[in-house]
Amino acid sequence: MRVTLRDQAVSSLFVVSITTVFTLLLSPLPSDARAATAPQPPAAARQTSPTVQPLFPASQPPTQAQSSAAQHSVPTPRPVQTPDSATPSSSRPITTIKVQANEVVLIFTVTDKKGRFITGLKRESFGLLDDGRPPVAVLNFTQQTNLPLRVGIMLDTSSSIRQRFQFEQDSAIGFLRQILHRGDLAFVEGFDIQTDLAQSFTDNIALLNRGIRKLRPGGGTALFDALHKACRDQMLNLREEGAVRRILILVSDGDDNYSRYQNSDAIKMCQRAETIIYAISTNISPNKSKGDEVLRVISEATGGQALYPVRIEDVATGFRKIEEELRSQYSLIYRPAAFKNDGSFRTINLQVIDRRYKVRVHKGYFAPRPE
């Protein structure tokens, strides 16, 4: 399962003949496998002592094979065939078993107490629990990840931001020019009581620029509906062979007076779509508003951040901070323990062993449902 976690998680299916399965069942398990299949402690015990274990304890450094594997992308599993299954006989039925290989892709940021980005940490520096359990295997760990970006720019076009709208447009255009590289894609959407997909996914900066410029402010605000729809229709429908980073940049004052969906519904859809939300508030009053708190809750739940410019001209500074963060992130791919394709929400607890630092990552993800 991939969570960009593939993951809500995207699953790869491969087929193994029953002959191979019997062979595996009869073969003696290696010590690592026996450890992996050992009985798990009761759920209550796990909850009362959620000790986050290092991904690679100091007493058990990663092997040379593991270090080499971490430098390469994880290949998509392909169907495995035995000689008999490769050339089946029409008179002999073949029994097959479908197995799902689930991988989770975590994209996260590490900062110090002053909010400065911390790069250069090793995988031994982190501890992880997925739904209360350490992962079965860590497949890949990358510093300053170069995973392709899938970026959505969502501009509030309601009447409340009419006087600030040009700054939003200029800042968004400048951001896209800086952040998009080969292999990256972006879309542009405006929203008031309805959504306006001004430009669908493209790598063409001129088309994105044109889409931003043609948006016009006016009307009420259906923020939660717009966020829910963007994650459902744009991010969730992405079909990628490899891992990508899904990012939505929401420029708004956070006020909502027209949505059918609740804030919690929008957050859940963002988590299902494996999308990180960065919010830039357009509220420039000295006091935090209810809308500012809404933006904070959405951002933190998805592993992003809410930024609060003190002047409307500082909206561009907010975009630059997001750009800096996207270049300072880590990528971790792992296989979770006791994973079930039941559609349930699985919590994530990722920490840095060094308590001077803090990890910013989404709170969890939804397992896929059986196909």
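### Some remarks on the overall build of the protein chain
Here is step 1 of the chain: Of the regular secondary structure elements, the protein chain holds 11 helices and 15 strands.
Here is step 2 of the chain: The buried share among the 371 residues of the protein chain stands at 49%.
Here is step 3 of the chain: As displayed, the protein chain has an accessible area near 19000 Å², and 51% of this comes from carbon and sulfur atoms.

### Things to note about unusual backbone geometry
Here is step 1 of the chain: The residue Asp131 is not glycine, and still its phi comes out positive at about 55°.
Here is step 2 of the chain: Within the fold, Asp131 resides in the loop between strand 4 (126-130) and strand 5 (137-143).
Here is step 3 of the chain: According to the relative accessible area criterion, Asp131 is partly exposed, its value standing at 28%.
Here is step 4 of the chain: For Glu274, which is not a glycine, the phi torsion comes out positive at approximately 55°.
Here is step 5 of the chain: Note on placement: Glu274 falls in the loop between helix 9 (263-272) and strand 10 (275-281).
Here is step 6 of the chain: A relative accessible area of 8% means that Glu274 is categorised as buried.

### Here's the deal with the side chain of Ser259
Here is step 1 of the chain: Summarising the element assignment, Ser259 is placed in the loop between strand 9 (245-252) and helix 9.
Here is step 2 of the chain: Only 3.5 Å separates the side chain of Ser259 from the backbone nitrogen of Leu223, close enough to count as a polar contact.
Here is step 3 of the chain: Engagement of the side chain of Ser259 in a polar contact is seen with the backbone nitrogen of Phe224, the distance being 3.2 Å.
Here is step 4 of the chain: When residues no more than four places from it in sequence are discounted, the contact partners of Ser259 are Thr221, Ala222, Leu223, Phe224 and Asp225.

### Quick notes on the pairing of strand 12 (residues 330-335)
Here is step 1 of the chain: Where burial is concerned, most of strand 12 is hidden: five out of the six residues are buried.
Here is step 2 of the chain: Pairing of strand 3 (residues 104-111) with strand 12 involves five bridges; the strand directions are antiparallel. For Ile107, the partnering residue across the bridge sits in strand 12 and is Ser331.

### Digging into the packing of aromatic side chains
To describe a pair of aromatic rings, you give the distance between the ring centres and the angle between the ring planes.
Here is step 1 of the chain: Summed over all chains, the structure comprises eight aromatic pairs.
Here is step 2 of the chain: When the ring of Phe126 is compared with that of Tyr330, the centres are 5.7 Å apart and the planes differ by 65°; the resulting orientation is edge-to-face. Residue Phe126 is located in strand 4, and its partner Tyr330 is located in strand 12; the two are separated by 204 residues in the primary sequence.
Here is step 3 of the chain: Overall, the relative accessible area of 0% leaves Phe126 in the buried class.
Here is step 4 of the chain: Taken together, the ring pairs in this structure connect Phe108, Phe126, Phe141 and Tyr330 into an aromatic cluster.
Here is step 5 of the chain: Looking at Arg272, its charged tip hangs above the ring of Phe366, at a distance of 3.9 Å from the centre.
Here is step 6 of the chain: Its guanidinium or amino end placed over the ring of Tyr308, Lys288 lies 4.5 Å from that ring's centre, counting from NZ or CZ.

### Some remarks on the sheet that holds strand 6 (residues 149-156)
Here is step 1 of the chain: The strand order across the open sheet formed by six strands is 8-7-6-9-10-11, and the pairing between neighbours is mixed. Looking at strand neighbours, the two that pair on one side only are strand 8 (195-202) and strand 11 (305-307), the edges of this open sheet. With direction set aside, neighbouring strand axes in the sheet form an average angle of 15°.
Here is step 2 of the chain: In terms of strand pairing, strand 7 (residues 185-191) meets strand 8 through five bridges, oriented antiparallel.

### Points about the environment of Val105
Here is step 1 of the chain: Mapped onto the secondary structure, Val105 falls in strand 3.
Here is step 2 of the chain: On the basis of relative accessible area, Val105 is assigned to the buried category, the value being 0%.
Here is step 3 of the chain: In sequence terms Val105 and Arg245 are 140 residues apart; their C-alpha atoms lie 9.4 Å from each other.

### Considerations on the sheet that holds strand 4
Here is step 1 of the chain: The sheet built from three strands is open, its strands ordered 4-13-15 with antiparallel pairing. The sheet terminates laterally at strand 4 and strand 15 (364-366), the two strands that pair on one side only. The mean angle between the axes of side-by-side strands here comes to 20°, regardless of whether they run parallel or antiparallel.
Here is step 2 of the chain: Here three bridges tie strand 13 (residues 345-352) to strand 15, and the two strands are oriented antiparallel to one another. When the sheet's bridge partners are listed, Arg346 is paired in strand 15 with Tyr365.

### Regarding the confidence of the model for the protein chain
Detailed reading of the predicted coordinates is not advisable wherever pLDDT falls low.
Here is step 1 of the chain: Averaged over the protein chain, the pLDDT score is 80; the fraction of residues at 70 or greater is 74%.
Here is step 2 of the chain: In the model, residues 1-49 has pLDDT below 50 throughout and makes 114 contacts with residues more than four positions away in sequence or in other chains.
Here is step 3 of the chain: For the stretch residues 57-99, pLDDT sits under 50, and the model shows 52 contacts to residues farther than four places along the chain or on other chains.

### Re helix 9
Here is step 1 of the chain: Restricting attention to buried positions, one finds in helix 9 the residues Asn263, Ala266, Ile267, Met269, Cys270 and Gln271.
Here is step 2 of the chain: Looking at the buried residues of helix 9, the elements they touch are helix 8 (223-235), strand 10, helix 10 (290-301), strand 13 and strand 15.
Here is step 3 of the chain: Following helix 9 by one or two positions, Glu274 has its phi on the positive side, about 55°.

### Topic: the side chain of Thr275
Here is step 1 of the chain: Relative to the assigned elements, Thr275 resides in strand 10.
Here is step 2 of the chain: Reaching out from Thr275, the side chain makes a polar contact with the backbone oxygen of Ala273 at a distance of 3.0 Å.
Here is step 3 of the chain: When neighbours within four sequence positions are excluded, Thr275 is seen to be in contact with Cys231, Met235, Arg246, Ile247, Leu248, Cys270 and Thr302.

Quick notes on the rules
- Residues numbered from 1 in each chain as written.
- Predicted model: local features only at pLDDT ≥ 70, side-chain atom pairs only at ≥ 80, totals over all residues.
- Heavy atoms only, no water.
- Helix = DSSP H or I, 4+ residues; strand = E, 2+ residues; numbered from the N terminus.
- Buried < 20%, exposed > 50% of the residue type's maximum accessible area, 1.4 Å probe, protein only.
- Areas by Shrake-Rupley, 256 points an atom, 1.4 Å probe, with all protein chains shown as cover.
- Polar contact = N/O pair within 3.5 Å; in protein donor to acceptor, adjacent residues only side chain to side chain.
- Contact = heavy atoms within 4.5 Å.
- Pairing = 2+ DSSP bridges.
- Phe/Tyr/Trp six-rings, centres within 6.5 Å; stacked < 30°, edge-to-face > 60°.
- Lys NZ or Arg CZ within 6 Å of the ring centre and 35° of its normal.
- Axes fitted to C-alpha atoms, helices over the stretch in contact; angles between N-to-C directions.
- pLDDT = per-residue confidence, 0-100.

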